[in-house]
Amino acid sequence: MSEEKKGFFSRLKEGLTKTRDNIVSGIDAVFHGASEIDDDFYEELEEMLIMGDVGVNATTDIMERMKTAVKEKHLKHPSECKQLLVESIKEQMRVGETAYDFEKKQSVIFIIGVNGVGKTTSVGKMASLLKGEGKKVMMAGRKVLIAAADTFRAAAGDQLAEWAHRAGVDMIGGTDGADPASVIYDAVNAAKARNVDVLICDTAGRLHNKKNLMEELKKMNRIIDREFPDAHRENLIVLDGTTGQNALAQAREFGEVANLTGIILTKMDGTAKGGIAVAIQSELNVPVKYIGVGETIEDLQKFDVDEFVNALFDVKPEEETSDEGQGTEV
């Protein structure tokens, strides 16, 4: 693990302290307090996961995986089961290996979500991350362009311009109240003219009128279909990790008006509801692609299931004994 990755893992682990205290301490009590693996043991464990915002459906699947593994390994004592729980949670959160294929293609990324979840800051951080990874992807010299299509929120453009400056990328913006579709039109044509690899579009965070939001997104999509038909498309929803089950509800609502391809989970530093990452990724079958644990431009990174669960259960990276991090004692 690189020094940068170790640093982010440390921040992630620190950020999940409240979640760890909220969930893992209770889980530990179940593992060490039960005398045998029986229905009461499983029910207590299930209750702790649900209370930790892991979600009913995800918890049910995790428990089924764990029960199957317990039988296969012929385990007899509850204290032997903790690693199986960690592995079951990791397996529950895996939704495919193609989450970052868009990095290898010319892509247009819509960033959607309600106001206040950290959309605009996520756009800037993501732009910085993609630009910095230019030499690591198939396309040499990654070029990133930002479109400020959130023209309804006062000073949204100014805020995004500051983030674009920090990230060192160009921005196409419109005046407050301008038609967002016109901004997208200008941005798409600028992206083509400048041979940009990734165009990131910051959108308005209004969900109170689904019909208007749907029509707005459809209009933007029609422009991209017409002006940039070969571009790969991504719709990433930004969710505030501190809101727990409300974040899951928001994702479901936006999923009704947009084809969600990924999730950016923000504000994971200091939340007691970090278990929601498990519920969101497993119940929606949409990958968490990025996770944010702070305010600086470096505090948004690609989401890694093993890193997240290891941080949640306080498993140190150097303790892992296999490539997938599946053989760790905790």
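The rules behind these values
- Residues numbered from 1 in each chain as written.
- Predicted model: local features only at pLDDT ≥ 70, side-chain atom pairs only at ≥ 80, totals over all residues.
- Heavy atoms only, no water.
- pLDDT = per-residue confidence, 0-100.
- Contact = heavy atoms within 4.5 Å.
- 1 Å grid on protein atoms, 1.4 Å probe; cavity = no way out; pocket = protein on both sides within 12 Å on 5 of 7 lines; lining within 4 Å.
- Points joined across faces, edges and corners; volume = space filled by probe spheres on them.
- Nonpolar A, V, L, I, M, F, W, Y, C, P; charged D, E, K, R; others polar.
- Phe/Tyr/Trp six-rings, centres within 6.5 Å; stacked < 30°, edge-to-face > 60°.
- Helix = DSSP H or I, 4+ residues; strand = E, 2+ residues; numbered from the N terminus.
- Buried < 20%, exposed > 50% of the residue type's maximum accessible area, 1.4 Å probe, protein only.
- Lys NZ or Arg CZ within 6 Å of the ring centre and 35° of its normal.
- Pairing = 2+ DSSP bridges.
- Axes fitted to C-alpha atoms, helices over the stretch in contact; angles between N-to-C directions.
- Salt bridge = Lys/Arg side-chain N within 4 Å of Asp/Glu carboxyl O.
- Core = buried A, V, L, I, M, F, W, Y, C linked by side-chain atoms within 4.5 Å.
- Left-handed = near helix turned anticlockwise from the far one by under 90°.

(A) The confidence of the model for the chain, seen in detail. Of all residues in the chain, 86% have pLDDT values of 70 or greater, and the mean over the chain is 82. Confidence drops under pLDDT 50 across residues 135-141; counting only partners more than four residues distant or on other chains, this segment forms 11 contacts. Between residues 320-330, whose pLDDT stays under 50, and residues either more than four places distant or in other chains, the model counts 26 contacts.

(B) A look at the layout of surface pockets. Here the largest pocket is characterised by a volume of approximately 410 Å³. For the lining of the largest pocket, the per-class residue count stands at 8 nonpolar, 3 polar and 6 charged.

(C) Representation of the packing of aromatic side chains within the structure. Under the definition given, this model contains 4 aromatic pairs. Summarising the aromatic geometry, the rings of F31 and F41 are spaced 5.8 Å apart at their centres and angled 55° between planes, so their arrangement reads as tilted. Taken together, the residues span a long stretch of sequence, with F31 in helix α2 (residues 17-33) and F41 in helix α3 (residues 39-51) at a distance of 10 residues. Given a relative accessible area of 1%, F41 falls into the buried group. Measuring from centroid to centroid gives 5.4 Å for F303 and F308, while their planes differ by 45°, and the two rings are tilted. Using a relative accessible area of 9% as the deciding quantity, one classes F303 as buried. Overall, F308 belongs to the buried group, its relative accessible area being 0%. Counting every residue linked through ring pairs, the aromatic cluster contains F31, F41 and Y42. Its end group placed over the ring of Y42, K67 keeps NZ or CZ at 5.0 Å from the ring centre. A cation over a ring is seen here: R166 above W163, with NZ or CZ 4.2 Å from the ring centre.

(D) A look at the sheet that holds strand β4 (residues 198-202). Pairing is mixed in the open sheet, where 8 strands are placed in the order β3-β2-β4-β1-β5-β6-β7-β8. For this open sheet the edge positions go to β3 (170-173) and β8 (300-302), each flanked by a neighbour on one side alone. The sheet shows a mean angle of 25° between the axes of neighbouring strands, direction not considered. The sheet contact formed by strand β2 (residues 144-148) and β3 spans 4 bridges and is parallel.

(E) Just unusual backbone geometry, in detail. Positive phi is not limited to glycine here, since H74 has a value of about 55°. Within the secondary structure layout, H74 lies in the loop between α4 (56-73) and α5 (82-93). A positive phi angle is found at N195, which is not glycine, with a value near 55°. Residue N195 is classed as partly exposed on the basis of its relative accessible area, which comes to 48%.

(F) The arrangement of the pattern of salt bridges in detail. Counted by the stated rule, this structure contains 16 salt bridges. The partner of E103 in a salt bridge is K302, and the shortest N-O contact between them spans 3.1 Å. Pair noted here: E103 is in the loop between α5 and β1 (107-112) and K302 is in strand β8, with a separation of 199 residues, a long-range link. Taking the relative accessible area as the measure of exposure, E103 reaches 5% and is therefore buried. In this structure, the salt-bridge partner of D225 is R233, at a minimum N-O distance of 2.8 Å. In this structure D225 comes out as partly exposed when scored by relative accessible area, which is 46%. Because the salt bridges share partners, they merge into one network encompassing K90, E91, R94 and D306.

(G) Representation of the nonpolar core. Counting 110 residues, the largest nonpolar core has M126 and F308 as its most contacted members. Filtering out sequence-adjacent residues up to four positions away, F308 remains in contact with L12, L16, M93, M268, G274, A277, V278, I291 and F303.

(H) How the structure looks around helix α11 (residues 276-284). Taking burial as the measure, the 9 residues of α11 include 7 buried ones, the bulk of the element. Among the residues of α11, I276, A277, V278, A279, I280, Q281 and S282 are the ones counted as buried. Among the residues trailing α11, N285 stands out with phi positive, at a value near 55°.

(I) Structural context of the packing of α3 against α4. Closest axis-to-axis distance for the α3/α4 pair is 10 Å, and the angle between their directions is 145°. In this structure, the crossing between α3 and α4 has a hand that is right-handed. Residues F41, Y42, L45, E46, L49 and I50 of α3 form the contact with α4, whose participating residues are V56, T59, T60, I62, M63, M66, K67 and V70. Counted by class, the contact of α3 with α4 contains 10 nonpolar, 2 polar and 2 charged residues.

(J) Examining the pairing of β4 more closely. β4 sits mainly inside the fold: 5 of its 5 residues count as buried. Neither face of β4 is left uncovered, since the one carrying V198, I200 and D202 and the one carrying L199 and C201 both have all their residues buried. Pairing between β1 and β4: 5 bridges, direction parallel. By the bridge assignment, V108 is partnered in β4 with L199.

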